[in-house]
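Tertiary structure, described
Letter by letter, the chains look like this.
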Amino acid sequence: MALYERLEENLDKCIRSLDIWKQLINENCDDEQEKRMEMEKLTNCVKSYCDIDKQIKSTENALRKLDEKMNDPDSKGSEDIDHLFQEYLQDDPTASTNNYKESPLWKKVIGGHSDVVEVRQKKSKIDDTQFEELGDSLLCSNVFAPPIDPISKTVIQHPYKNKRCKHVYEYGTISNYIKQMKNKAKCPYIGCNNNNLRLTDLVEDGNLQVQISQYLETQQEEDDDSEDED
Ligand SMILES: [Zn+2]
């Protein structure tokens, strides 16, 4: 259990640092544009941490199931442990969702924080739709959150998934990166220890592609609606 205690401790430190970062943005960025850009950087960073947190939880769940299975009196004792673990990991409901907004890390740093609400209200008076979008996405939960490319920090439109570490990237960005790094590319996600990133490990993620397209369409419709109101 010492490992989990250490993990909790690091998570606390991480949340404190992110909180300080957010305070600094709020206190020192007078220019709204600058503030928005800094908040976006912070948000993307929190997302990366949520990802790591999610991976840890999925692994934990899979290990627990494996433990139960092995201690089951009906267990034959000849199961392929590695295979079972991978199966449980794939089955874990938290593994397939991209909903980092459900993460306690997200909720603590970004979600429902009064500062964010305040910034958003100030901004909407000046009528900056772009910021309103960001504000909305910071405040709403339980909605599909499109994945952000770790290199370009923009919404992924053509998702390709790494078969080895399961991370998702924007196809154009990641293939350029692999070419640039000549065979020395590492997975660009913070905390990922996949040190051998190869184009042949990437597969198109059709399901995610559909979700993203739907999300972008809805965003577009919302934009059109708000234009009509004016
Ligand atoms: Zn990775």
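A quick note: this is a predicted structure, and the numbers were derived from the prediction, not measured.

Per the counting criterion, the structure on display carries three aromatic pairs. Ring centres of F144 and Y215 lie 5.9 Å apart, and the angle between their planes is 70 degrees; this geometry places the pair in the edge-to-face category. In this pair, F144 is assigned in the loop between α7 (129–139) and β1 (159–162) and Y215 in helix α9 (residues 206–229), connecting sequence segments 71 residues apart. Since its relative accessible area comes to 23%, F144 is described here as partly exposed. A centroid spacing of 5.8 Å and a plane angle of 50 degrees characterise the contact between Y169 and Y189, whose relative ring orientation is tilted. With Y169 in strand β2 (residues 168–170) and Y189 in the loop between α8 (171–180) and β3 (202–204), this pair connects stretches of sequence that are 20 residues apart.

Turning to the coordination of the zinc ion, a few remarks are in order. Within the protein, the zinc ion binds to C165 (SG), H167 (ND1), C187 (SG) and C192 (SG); these donor distances fall in the range 2.0 to 2.3 Å. For the zinc ion, the four donor atoms are set out with angles of 106 to 120 degrees between them, so the coordination reads as tetrahedral. Counting residues between consecutive donors of the zinc ion along the chain gives the motif C-x1-H-x19-C-x4-C. Separated by 20 residues along the polypeptide, H167 in the loop between β1 and β2 and C187 in the loop between α8 and β3 bring together distant segments of the chain. You can call H167 buried: its relative accessible area is 6%.

Conventions used here
- Position numbers for residues count from 1 along each chain, tracking the sequence in the order it is written.
- Whole-chain, interface and lining totals are the exception, using all residues; otherwise, since this is a predicted model, local features are given only for residues with pLDDT of at least 70 and side-chain atom pairs are given and counted only at 80 or more.
- Values shown for side chains rest on all heavy atoms present in the structure; no hydrogens or waters enter the calculation.
- Under the pairing criterion, centres of Phe, Tyr and Trp rings, with the six-membered ring standing for Trp, must be within 6.5 Å; the plane angle then separates stacked pairs below 30 degrees from edge-to-face pairs above 60, leaving the rest tilted.
- Under the DSSP-based scheme used, a helix requires at least four consecutive residues in state H or I and a strand at least two consecutive residues in state E, with every element numbered from the N terminus.
- A simple rule labels every residue: compare its accessible area, found with a 1.4 Å probe on the protein chains alone, to the largest value its type can have, and call it buried under 20%, exposed over 50%, or partly exposed in between.
- Listed donor atoms are N, O and S within 2.8 Å of the metal (Na, K and Ca: 3.2 Å). As water is not included, a site may look incomplete.
- Every geometry call rests on angle ranges, with four donors termed tetrahedral when all angles are between 85 and 135 degrees, four termed square planar and six termed octahedral when opposite donors are over 155 degrees apart and all others are between 65 and 115, and everything else termed irregular.

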